[in-house]
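# Notes for the structure review
These are the residues of each chain, in order.
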Amino acid sequence: MLLHTLAQQFHSSHFIMSCRGKPRTAENHDTNLKEVTSTSPGRLRHTAFEETTKKPKKQGQQTQKKSEEKSDGPKTRQGRTTQDQQTQKKSEEKPDGPKTRQGRTTNPFTEKRLDIPANGTKAKTCSTRKTSMETTTGDDTNTKQKPKPETHKDISKTSPKTTTKVKTPKATLLVQFFEDPTNAELHQAAEIKTHTLAAAKPTKAKTRANNATRGRTEAQPDGAEDRTVDCILKKTLNKLKIKTKERSDAARVINDFIKHLIKYLKENTISFKEVGEPLRTGSYYEHLKISNPDEFDIMLPILAERIQIEPFKMNGAFYSVALKREMNPLKKFQQNNILSGFEMLKEFRKEVKTFAKGFSEWTMTSKKTGCPAVTLTTLVETTTISLDIVLCLQVNSHWPTFTDDGLKIEQWLGDKVKQKYKWKPYYLVPKYEGKGTEENEGVLAKDVWRISFSHVEKDIMNNHGSKKTCCEKSGTSCCRKDCLKLLKYLLHLRKEKDSSMSKFCSYHAKTTLLHACCSKSKDSDWKVSNLRGCFEHLLQEFEGHLKNVELYNFFIPSQNLLSDIRQNRCITLANWIKEQRETGFPVFQQDLQDTN
DNA sequence: TCCTCGGCCGAGTCG
DNA sequence: CGACTCGGCCGAGG
């Protein structure tokens, strides 16, 4: 969700920043800037602009996209450069095998990524999802496999255990879980110890605690417990997978709606007719959506040229926008020289509403204060899916100075990848906090924009390996995404039962993972065989953020994402997560039982 | 192993 | 010539 990116409030500043203050190019005139092919990465892009008279539409964006690719070197897919790739492809791609994604074959950014040697603490090779059949570790995400002793060894090494402390219903839940005849897969997984568990009897929740001690101490040696927790995590992950049919149905409906909406905006509106290619962001498009494909985030960008931005508050997340160009089509949304996010969103919402009248199966939800999205819902089969359409400004300029100390991915993804991201545009969404009446230097809060790097987040999530082959067919799989899914789900389960936790959101989880990936930057730190250890490490990181009430925006280190959440709530959540971690995730066990 | 979706590209078409 | 559409290909995931 984009909406979850909670904006936090800090103190005001008068720091004036022009988005052209650090121009990428000296050729920023009153015409659109279009990049043309450059054969060199990074800074050569400075000189790779070409003036065009008018066409900020699709073409412009496509051109930009292309040039970004090309500026990375001949890295286009399969190194396609000319017309005969079609035939070349067949012969070339096979040997390229694992390196072909996004033309990584020759991508100077990725090729020169830092492949830092492993710490040497984990000697075991990590099996891959796709090639697990060939390996002996049996660490496929497929839960049908029996946990192997190796796995256990690995886990026990890296996860601080509490196996000797007996104090929760965990063991009983485990026992019940394996007792359930419907848990066929787990039966297989737990075959090794079923005889010791057979005596336990499924009962109601209340009696579980009573049985816990016995189940734990008598029936389960530590190793068995480790494997069991592993199974629970894998089983939970399996449960979170999106069904192909649901995905297919939802994608069809969403894409159809968006396609027609864009057509409508181009043909029937003045203010939004130059809307660019939709940016599909958020968890669904990052392959991080869990359970159901029921939330879609799509940003519709409008190229904002010749603008000047000024921080609205001290945390660097919010900005006011002024148009420098007289003839700007967005001029009508200016008030007191400030481009009003509120006014622009209001008109956008009106247009979407008009359009949606022709789609009777779609319902527009009421406006939420400060929310940048126009949200529509529809029913697909039996599931209600919601579509957040976020109007945004695309700014092809240097990122604001507040981001200078963010995105610390050098050790993880490499300097060049970081540079590549820094050359991408950034986006501004009409989002504010509070009632919008707060004033700062003559600017009303409701007129401000919040900066967004959803496009980079998505790219990182889909290219998350320190090694370029991470999670590719012939490479080694990691469990970064699985850990994040589990954390998101853990949070979800808690929020479901406790409304006081509503301010916590999946963006907190995602940000925690990003930070964790920077501190544990090697792919070998995230072996799929060590899912439990990695997940528990991620939880510990999250607990630390919560206890300190400090979780900084990955891109804007001055923004604390927890700053407007009460400390005691953070502590409460941290303690709960710690307990879950130390007792084998009873909430997951219960959830799996409820499913069966 | 095969399928679907999303992303990306070049070729083709239209005005 | 630019704007736009279409179809092919690939990787990720199921």
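As the structure is a computational prediction, the values presented were derived from the model and not from experiment.

### Quick word on the overall build of chain A
Scanning chain A from N- to C-terminus turns up 18 helices and 15 strands. Buried residues in chain A amount to 58% of all 596 residues.

### So, the nonpolar core
Core analysis: the biggest nonpolar cluster contains 122 residues, and M344, F348, I389, L428, F535 and F588 have the highest contact counts within it. Beyond its immediate stretch of four places on either side in the chain, L428 contacts I307, I309, Y319, V321, L391, C392, L393, V395, W449, R450 and I451. If you look at the next biggest cluster of nonpolar residues, it comprises eight residues, including C371, A373, C392 and V429.

### Digging into helix 11 (residues 341–356)
The terminal C-alpha atoms of helix 11, which comprises 16 residues, lie 22 Å apart, in line with the 22 Å expected from a rise of 1.5 Å per residue. Here helix 11 has its buried residues at G341, E343, M344, L345, E347, F348, R349, E351, V352, F355 and A356.

### Quick look at the environment of N268
Within the element layout of this structure, N268 appears in helix 10 (residues 244–268). A C-alpha to C-alpha distance of 8.9 Å links N268 and E351, two positions 83 residues apart in sequence.

### Overview of the packing of aromatic side chains
Counted under the stated rule, the structure contains 18 aromatic pairs. For the pair F355 and F359, a centre-to-centre distance of 4.9 Å together with 35° between the ring planes defines the contact as tilted. Here the two residues F355 and F359 agree in accessibility, since each one is buried. Ring centres of F535 and F588 lie 6.4 Å apart, and the angle between their planes is 25°; on these two criteria the pair is classed as stacked. In this pair, F535 is assigned in helix 16 (residues 531–548) and F588 in helix 18 (residues 586–595), connecting sequence segments 53 residues apart. Cluster of aromatic residues (ring-pair linked, three or more members): F257, Y264, F355, F359 and W362.

### Quick look at the domain arrangement of chain A
Domain boundaries in chain A define domain 1 (36–152), domain 2 (166–206), domain 3 (227–454) and domain 4 (464–596). Computed over C-alpha atoms, the centres of domain 3 and domain 4 are 24 Å apart. Each side of the interface is counted separately: domain 3 has 33 residues, and domain 4 has 32 residues. Between domain 3 and domain 4 the total buried area reaches about 3100 Å² when both faces are included, carbon and sulfur atoms providing 70% of it.

### Focus: the pattern of salt bridges
By the definition in use, this model includes 21 salt bridges. Linking K510 and E286 is a salt bridge whose minimum nitrogen-to-oxygen distance equals 2.8 Å. In this pair, K510 is assigned in helix 15 (residues 506–519) and E286 in the loop between strand 3 (279–281) and strand 4 (295–303), connecting sequence segments 224 residues apart. In this structure, K510 and E286 share a single accessibility class: buried. Across the pair K418 and E410 runs a salt bridge, and its minimum N-O distance is 2.7 Å. Of the residues examined, K418 reaches a relative accessible area of 9% and is grouped as buried. Look at the salt bridges and you will find they share partners, linking K245, D249, R252 and E381 into a network.

### Comments concerning the confidence of the model for chain A
Should pLDDT be low for a region, the predicted coordinates there are not to be read in detail. Chain-level statistics for chain A give a pLDDT mean of 71 and a share of 63% at 70 or above. Across chain A, helix 17 (residues 567–582) holds the top mean pLDDT of 98, while strand 1 (residues 32–35) sits lowest at 28. Segment residues 1–219: pLDDT under 50, and 464 contacts once partners within four positions in sequence are set aside and those in other chains are kept.

### Description of unusual backbone geometry
Even without a glycine there, the phi angle at R306 is positive, about 50°. By the secondary structure assignment, R306 is in the loop between strand 4 and strand 5 (307–311). A relative accessible area of 22% means that R306 is categorised as partly exposed. The residue N336 is not glycine, and still its phi comes out positive at about 55°. Along the chain, the position of N336 falls in the loop between strand 7 (334–335) and strand 8 (338–339).

### Some points on the environment of K481
The residue K481 is located in helix 14 (residues 480–497) in this model. Here the alpha-carbon distance between K481 and C534, two residues 53 residues apart in the chain, equals 11 Å. Beyond its immediate chain neighbours, meaning those up to four positions away, K481 contacts E286, H287, L288, M461, N462 and H464.

### What to know about the pairing of strand 5
Burial along strand 5 is one-sided: the residues I307, I309 and P311 are buried and none of Q308 and E310 is. Note: strand 5 against strand 6 (residues 318–323), five bridges, orientation antiparallel. Within strand 6, the position partnered with Q308 by the bridge is A322. Hairpin connection, strand 5 to strand 6: the antiparallel pair is bridged by six residues, and G316 has positive phi, about 80°.

### Examining the packing of helix 16 against helix 17
Where helix 16 contacts helix 17, the axes come no closer than 8 Å and their chain directions differ by 160°. Taken together, the axis directions place helix 16 and helix 17 in an arrangement best described as roughly antiparallel. In the crossing of helix 16 with helix 17, the sense of the turn from one axis to the other is left-handed. Residues E536, L539, Q540, F542, E543, L546 and K547 of helix 16 touch helix 17, and the partners they reach there are Q567, C570, I571, L573, A574, N575, I577, K578 and R581.

### Quick word on the packing of helix 14 against helix 16
Contact pair helix 14 / helix 16: the axes reach a minimum separation of 9 Å and the direction vectors enclose 55°. It follows from the interaxial angle that helix 14 and helix 16 lie oblique. In this structure, the crossing between helix 14 and helix 16 has a hand that is right-handed. Across the interface between the two elements, D482, C483, L484, L486, L487, L490 and L491 from helix 14 touch L531, C534, F535, L538, L539 and F542 from helix 16. In terms of residue class, the contact of helix 14 with helix 16 is built from twelve nonpolar, no polar and one charged.

### Comments concerning the pairing of strand 6
The element strand 6 is largely enclosed, with a buried count of six among its six residues. Burial along strand 6 is two-sided: F318, S320 and A322 and Y319, V321 and L323, pointing in opposite directions, are all buried. As defined by bridge partners, strand 6 adjoins strand 15 (residues 449–452) across two bridges and the pair is classed as antiparallel. Bridging from a neighbouring strand, Y319 pairs with W449 of strand 15.

### A few points about the environment of T378
Along the chain, the position of T378 falls in strand 10 (residues 373–380). A relative accessible area of 5% means that T378 is categorised as buried. When the C-alpha atoms of T378 and A317 are compared, they prove to be 32 Å apart, with 61 residues separating the residues in sequence. With near-sequence residues (within four places) excluded, T378 lies in contact with V253, E361, W362, T383, T384 and I385. Of note is the side chain of T378, whose polar atom sits 2.8 Å from the backbone oxygen of E361.

Rules of the game
- Residues numbered from 1 in each chain as written.
- Chains lettered and ligands numbered in written order.
- Predicted model: local features only at pLDDT ≥ 70, side-chain atom pairs only at ≥ 80, totals over all residues.
- Heavy atoms only, no water.
- Helix = DSSP H or I, 4+ residues; strand = E, 2+ residues; numbered from the N terminus.
- Buried < 20%, exposed > 50% of the residue type's maximum accessible area, 1.4 Å probe, protein only.
- Core = buried A, V, L, I, M, F, W, Y, C linked by side-chain atoms within 4.5 Å.
- Contact = heavy atoms within 4.5 Å.
- Expected span 1.5 Å × (residues − 1).
- Phe/Tyr/Trp six-rings, centres within 6.5 Å; stacked < 30°, edge-to-face > 60°.
- Domains from an automatic or database assignment.
- Buried area = accessible area lost by both parts, 1.4 Å probe.
- Salt bridge = Lys/Arg side-chain N within 4 Å of Asp/Glu carboxyl O.
- pLDDT = per-residue confidence, 0-100.
- Pairing = 2+ DSSP bridges.
- Axes fitted to C-alpha atoms, helices over the stretch in contact; angles between N-to-C directions.
- Parallel < 35°, antiparallel > 145°, perpendicular 65-115°, else oblique.
- Left-handed = near helix turned anticlockwise from the far one by under 90°.
- Nonpolar A, V, L, I, M, F, W, Y, C, P; charged D, E, K, R; others polar.
- Polar contact = N/O pair within 3.5 Å; in protein donor to acceptor, adjacent residues only side chain to side chain.

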